[in-house]
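Architecture and fold: a report
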Amino acid sequence: MVNLLPSIFSVLITTEFILGNFANGIIALVNCIDWVKRHKMSSADQILTALAVSRIVLLWVLLMNWYTVVLHPGLYSLEVRIFVRIALTVSNHFNIWFAASLSIFYLLKVANFSSFIFLYLKRRVKSVLLIILLGTLVFLVPHLAILCIYENIQTNEYERNITQKTKLRDIFHFSYMSLFMLVNFAPFSMSLTSFLLLIISLWNHLKKMQLSGKGSQDISTKVHIRAMQTVVSFLFLYVSYFLALVTLVESYNRLHNTLLVMLSEALAMLYPLSHSFILIWGNKKLRQALKTIRKMIRFPYH
């Protein structure tokens, strides 16, 4: 049974990989075709397209990690290890920040507050998102620098057997993990804040509707609920993805539990797959494209 686990997880991860690329491919392709036809792309579609591309890259990196770590550990050389870790760091960085930017975009577009600061940000949505995405490079650059230094220390320690570098290695490991936690917690906290503010905005809107004697099922209420569903689905899926990612990062250094690595790989791939299908289902244009593809698959000759 133990020998069958890699094969079972390989089937599961391959399925997740194919479905994940399919879902994100639809998002990117439909938006790009629409952009070619109309010669313009909305801010929401730009974020969705960038998010889809980053998730496709993330899925390929996770598959490469699975292939070299679990299926063919003999291929897991130092060069491959460094490449995979850098690729995972970069793809994960843009993946979570594009998702957080989408949450912020929904907040600024959907929510209604009378605060001067909120109204100022609402009028400058594109500038706000651009500043956030460029500002995240402040996290990415030191993250990659510490990762490279840490890998270099581990390499020297392995090749030269310099035991006095153990303390330095632990210091850089702590620094790397601290920065890793900060980089991943920041977009999560921003998305959580966006979700809470959307709830407050919806509550204020419903109170106004009750005072005016109107029903609660107006367009604004539906838009609020749709935006909240998208954000909260990201929050729940991201928690499981983050735990899986921590396990994978630690597996490079300290953990040697193959079963835990396999579970983490499968859980990590579930996030870019599931959330992308949720985004498709919440977007009328993407949902229609998916339905069209399903009809073509079911009735290829009609």
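For the protein, the name recorded in an unreviewed UniProt entry is Taste receptor type 2, with Equus przewalskii as its organism. What UniProt records for the protein under Subcellular location (unreviewed entry) is the sentence "Membrane".

**Brief notes about the nonpolar core**
The biggest cluster of nonpolar side chains holds 78 residues, and the ones touching the most others in it are Leu198, Tyr238 and Tyr241. Here this core takes 15 residues from helix H3 (residues 78-110), the largest share from any one element. If near-sequence neighbours (up to four positions away) are discounted, Tyr238 is found in contact with Ile96, Asn184, Phe188 and Tyr271.

**Some details on the environment of Ala28**
Relative to the elements of secondary structure, Ala28 occurs in helix H1 (residues 5-38). Residue Ala28 is classed as buried on the basis of its relative accessible area, which comes to 12%. Residues Ala28 and Ile56 lie 28 residues apart in sequence; the distance between their C-alpha atoms is 9.8 Å. Residues in contact with Ala28, not counting those within four places in the same chain, are Thr49, Ala52 and Val53.

**Details of the packing of aromatic side chains**
As enumerated under the stated definition, the model contains 14 aromatic pairs in all. A connected cluster of aromatic rings, assembled from ring pairs, spans Phe180, Phe188, Phe234, Tyr238, Tyr241, Phe242 and Tyr271. When the ring centre of Tyr271 is taken as origin, the NZ or CZ atom of Arg55, which lies over that ring, is 4.9 Å away. Lying over the aromatic face of Trp281, Arg287 brings its terminal NZ or CZ to 5.8 Å of the ring centre.

**Some thoughts on the side chain of Asn184**
Summarising the element assignment, Asn184 is placed in helix H7 (residues 166-211). Ignoring anything within four residues of it in the chain, the contact list for Asn184 reads Asn92, Ile96, Tyr238, Phe242 and Leu245.

**Things to note about helix H9 (residues 258-281)**
With 24 residues, H9 extends 35 Å between its outermost C-alpha atoms, agreeing within 8% with the 34 Å of an ideal straight helix rising 1.5 Å per residue. The axis of H9 is deflected most strongly, by about 25°, at Leu270, and proline Pro272 appears within four residues downstream.

**Some words on the environment of Ser178**
Tracing the chain through its elements places Ser178 in helix H7. Looking at Ser178, the relative accessible area reads 33%, which means it is partly exposed. Residues Ser178 and His143 lie 35 residues apart in sequence; the distance between their C-alpha atoms is 9.8 Å.

**Quick word on the pattern of salt bridges**
The full count for this structure, using the stated rule, is three salt bridges. A salt bridge links Asp34 to Arg38; the nearest nitrogen and oxygen atoms lie 3.2 Å apart. With a gap of four residues between them, Asp34 and Arg38 both fall in helix H1, about one helical turn apart. In this structure, the salt-bridge partner of Lys285 is Asp34, at a minimum N-O distance of 3.4 Å. Remark: Asp34 occurs in helix H1 and Lys285 occurs in helix H10 (residues 284-298); sequence separation between them is 251 residues. On the basis of relative accessible area, Asp34 is assigned to the buried category, the value being 15%.

**Brief notes about the packing of H1 against helix H2 (residues 43-71)**
In the contact formed by H1 and H2, the axes pass within 9 Å of each other and the chain directions differ by 160°. Regarding the angle of H1 to H2, the classification is roughly antiparallel. Relative to H2, H1 is oriented so that their crossing is left-handed.

**Some remarks on the packing of H1 against H9**
To describe two helices that pack against each other, one gives the angle between their axes and the distance between the axes. At a closest axis distance of 9 Å, the pairing of H1 and H9 adopts a crossing angle of 25°. Relative to H9, H1 is oriented roughly parallel. Where H1 crosses over H9, the two elements pack in a sense that is left-handed. Considered class by class, the residues forming the contact of H1 with H9 number 21 nonpolar, three polar and two charged.

**Structural notes on the confidence of the model for the protein**
Averaged over all residues, the pLDDT of the protein equals 83, while 87% of them reach at least 70. For the protein, per-element mean pLDDT is lowest for helix H6 (residues 137-160), which scores 74, and highest for H1, which scores 91.

**So, the UniProt feature "transmembrane region" (unreviewed entry) in the protein**
As annotated by UniProt and renumbered to match this structure, "transmembrane region" (unreviewed entry) occupies residues 12-36, 48-67, 96-121, 128-153, 173-206, 227-248 and 260-281. A helix fraction of 100% and a strand fraction of 0% characterise residues 227-248, whose end C-alpha atoms lie 31 Å from each other.

Reading guide: rules and limits
- Residues numbered from 1 in each chain as written.
- Predicted model: local features only at pLDDT ≥ 70, side-chain atom pairs only at ≥ 80, totals over all residues.
- Heavy atoms only, no water.
- UniProt positions renumbered as here; feature names shortened; annotations may be inferred.
- Core = buried A, V, L, I, M, F, W, Y, C linked by side-chain atoms within 4.5 Å.
- Buried < 20%, exposed > 50% of the residue type's maximum accessible area, 1.4 Å probe, protein only.
- Helix = DSSP H or I, 4+ residues; strand = E, 2+ residues; numbered from the N terminus.
- Contact = heavy atoms within 4.5 Å.
- Phe/Tyr/Trp six-rings, centres within 6.5 Å; stacked < 30°, edge-to-face > 60°.
- Lys NZ or Arg CZ within 6 Å of the ring centre and 35° of its normal.
- Expected span 1.5 Å × (residues − 1).
- Bend = angle between axes of the 7 residues up to and from the residue.
- Salt bridge = Lys/Arg side-chain N within 4 Å of Asp/Glu carboxyl O.
- Axes fitted to C-alpha atoms, helices over the stretch in contact; angles between N-to-C directions.
- Parallel < 35°, antiparallel > 145°, perpendicular 65-115°, else oblique.
- Left-handed = near helix turned anticlockwise from the far one by under 90°.
- Nonpolar A, V, L, I, M, F, W, Y, C, P; charged D, E, K, R; others polar.
- pLDDT = per-residue confidence, 0-100.

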